[in-house]
Structures are given as structure tokens and as C-alpha cells.
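Analysis of the macromolecular model
Single-letter residue listing:
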Amino acid sequence: MIGDYDTALIEWRLRAEAGSVTAQANLGDMYEMGAGVTQSNILAHQWYNLAASNGDATARERREALAIKMTSLEISKAISLARKCMASGYSECE
């Protein structure tokens, strides 16, 4: 069903935990837009950062564009969350 954000969130989280770059970028999109989740630049940056770290050039561009709207403290928090997520094998992601 188009617009079924709950299902998308569950599926993309599972795929992101399995290392899917596309799913990580899609989660970034969801958090940036507030689509089915509470809008969060920090969590959007986190997911874009993970996707970018795994080779997604578009996610890298989206992360950089988003960073312009964020404070240095917000960016630092997002980077910290991304590191924690990656270190846990994508199981401890906000």
C-alpha cells in the first residue's frame, strides 16, 4: 500500500540492520521529511551518514545539504549516533 509508513519503517529498519544502503538512505528520507516518523534532522543525518559511509553518493549529498540547516551540536550528536549504530552492527540505531 502506498503511504504505509509503518510497514516501510519496519521493512527498511530490518534491511538497514542487514546493511542495505538503500534502506539506510530511505530511513534518512523518512526522518528528514517526517514521513511516518517524528521529523528529526539528527536522525536523518545519522541514516544519511551511514548510507554515505557505505558508498551512497546521493545520501552524502543529502547529508551535506541537511547539515547546513543544523547546529554543530546537532551534527555532533548525529555523528555519535551513526558511530554507535555502525559499531553495533546496525542493531543499536535510534
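The present account deals with the structure reproduced in this document. Nothing here was measured: the structure is a model prediction, and the numbers come from that model.

About the cut-offs
- Residues numbered from 1 in each chain as written.
- Predicted model: local features only at pLDDT ≥ 70, side-chain atom pairs only at ≥ 80, totals over all residues.
- Heavy atoms only, no water.
- Helix = DSSP H or I, 4+ residues; strand = E, 2+ residues; numbered from the N terminus.
- Rg over C-alpha atoms; globule rule 2.2 N^0.38 Å.
- Contact = heavy atoms within 4.5 Å.
- Areas by Shrake-Rupley, 256 points an atom, 1.4 Å probe, with all protein chains shown as cover.
- Salt bridge = Lys/Arg side-chain N within 4 Å of Asp/Glu carboxyl O.
- Buried < 20%, exposed > 50% of the residue type's maximum accessible area, 1.4 Å probe, protein only.

Assigned secondary structure in the chain consists of 5 helices and 0 strands. For 94 residues, the compact-globule formula gives about 12 Å, and the C-alpha radius of gyration of the chain, at 12 Å, lands near that figure. Oriented by its inertia axes, the alpha-carbon framework of the chain measures out at about 40 × 25 × 20 Å. For the chain, restricting intrachain contacts to residue pairs at least 6 apart in sequence, the fraction spanning at least 24 positions comes to 51%. For the chain, the exposed area adds up to about 5200 Å²; of that, 53% sits on carbon and sulfur atoms.

Next up on the list: the pattern of salt bridges. Close approach of charged atoms lets side chains of opposite charge pair. With the rule as written, the count across this model stands at 4 salt bridges. For Glu11, the salt bridge is made with Arg15, and the minimal N-O distance between the two is 3.8 Å. With Glu11 and Arg15 both in helix 1 (residues 5–17) and 4 residues apart, the pair spans about one turn of that helix. For Glu11, a relative accessible area of 33% puts it in the partly exposed group. Arg62 is the salt-bridge partner of Asp29, the closest N and O atoms lying 3.5 Å from each other. In this pair, Asp29 sits in helix 2 (residues 21–33) while Arg62 sits in helix 4 (residues 57–67), placing the two residues 33 residues apart along the sequence. The network of salt bridges with shared partners includes Asp29, Glu32 and Arg62.

Moving on to unusual backbone geometry. Phi at Tyr90 is positive, roughly 70 degrees, even though this residue is not glycine. Tracing the backbone through its elements, the reader meets Tyr90 in the segment after helix 5 (72–87). What makes Tyr90 buried here is its relative accessible area of 12%.

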